[in-house]
Amino acid sequence: MNHSSSRSASRNPLRMLAESWRNLTQRWLSRRAPRARAITLNHSRLFILPTRAGLGFLVVVVLLWLLGTNYENNLVFALTFLLVSIFAVLPLHTFANLTGVHLRLLGTRAAFAGDFAEAEINVSCEGRREREWLELSWPPEQGSRVDLCEQQSADVCISLPVVKRGRVQAPRLRVESRFPLGLFCCWSRIDLDVEFLVYPRPISAGPLPLGEAIAEGEFGEVQRGGDDYAALKPYQAGDSLRHVAWKQYAAGRDLYSKDYERRTDTRLWLDWDLLDGRAVEMRLSNLCDWALQAEKQGIAYGLRLPGVSIEPALGPEHQQRVLQALALYPERGQ
């Protein structure tokens, strides 16, 4: 017990230091590359360093120089100087390949929790210069590569795994290029203000709740024998004496009995109260699964949440409205 507690205590300072460094980096990036839905890369937003291949290239150059010095071989010296000159001009080409690239957020696609959400981004550049080996990603996820050779603009879809429902703000997007030889990597971390709408993860709760429910307003079918007073009808033998209209009979009118009815709503309602006793997130996941089932089967359905009521209907717009209400239900995690 003491050993494990001392180990956790020794790790805490490292975690705190890492968290402080992360926050400091984010604040610095926010000042250097503020959030915007359209960004043009320039020298203030770009960074460049040698890659592992570039460092290995330098090691080879040093070995060649030592070899040429040891054996006094002019041909090896010439090759060494040639490689050094190539290495010296490569950063300029790699840096120029990203400079002036314009990125603009076109839109996002909603997703279910536990799935991948997608953002569509337009990549373009001005001028006649070709741009190659451009890669966009949300690390550590694999990104998408685009080349602007025959066209000056291209649309790219980038996916990000989402875990929790609601509105999810995407992290900074990494844009990088290793053109032309992969010895240098020029990159930028930009914030295109990408926000995803994440629906609850569908979890089966059994078949659709197609039982009758008490109607609200004028909707529903009328059935006899309910609790709501409807009208007076002529008394018939066998009517309950409790339903006899004695006041009207005492006033000298014919003998009548009171008729009662009730309205039942046969439409499908996905009601919050049908899942009483379950956790909030589980209820939302079950309601989400029911909504997908009803839409697939072509059954008009409505949604009732605390403070939210959506009338039964069908269609993509109605489904999106229902799923959005489930995604934005305020009591997440309770």
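You'll find the structure just up there.
Calculation rules
- Residues numbered from 1 in each chain as written.
- Predicted model: local features only at pLDDT ≥ 70, side-chain atom pairs only at ≥ 80, totals over all residues.
- Heavy atoms only, no water.
- Salt bridge = Lys/Arg side-chain N within 4 Å of Asp/Glu carboxyl O.
- Helix = DSSP H or I, 4+ residues; strand = E, 2+ residues; numbered from the N terminus.
- Buried < 20%, exposed > 50% of the residue type's maximum accessible area, 1.4 Å probe, protein only.
- Phe/Tyr/Trp six-rings, centres within 6.5 Å; stacked < 30°, edge-to-face > 60°.

### A few points about the pattern of salt bridges
Scanning the model with the defined rule gives nine salt bridges in all. Measuring nitrogen to oxygen at the nearest pair gives 3.9 Å for the salt bridge that ties Arg-37 to Asp-193. Separated by 156 residues along the polypeptide, Arg-37 in the loop between helix H1 (2-32) and strand S1 (38-40) and Asp-193 in the loop between strand S11 (184-190) and strand S12 (195-199) bring together distant segments of the chain. For Arg-37, a relative accessible area of 47% corresponds to the partly exposed category.

### Quick word on the packing of aromatic side chains
Tallied over the entire structure, the rule returns seven aromatic pairs. Considering the side-chain rings of Trp-138 and Phe-196, the 6.0 Å spacing of their centres and the 75° angle between planes classify their relative orientation as edge-to-face. Here the residue Trp-138 occupies a position in the loop between strand S6 (131-137) and strand S7 (144-148), and Phe-196 occupies one in strand S12, the gap between them amounting to 58 residues. For Phe-196, a relative accessible area of 0% gives the class buried. Members of the aromatic cluster, connected to one another through ring pairs, are Phe-57, Phe-87 and Phe-184.

### With respect to unusual backbone geometry
Across the chain, the bulk of peptide bonds are trans and the bulk of non-glycine residues have phi less than zero. Cis geometry marks the peptide bond from Pro-139 to Pro-140, where omega comes out at 5°. As for its position among the elements, Pro-140 is in the loop between S6 and S7. Located in the positive-phi region is Glu-72, a residue other than glycine, with phi close to 50°. Summarising the element assignment, Glu-72 is placed in the loop between helix H2 (52-71) and helix H3 (74-98). Non-glycine residue Asp-193 carries a positive phi angle of around 55°.

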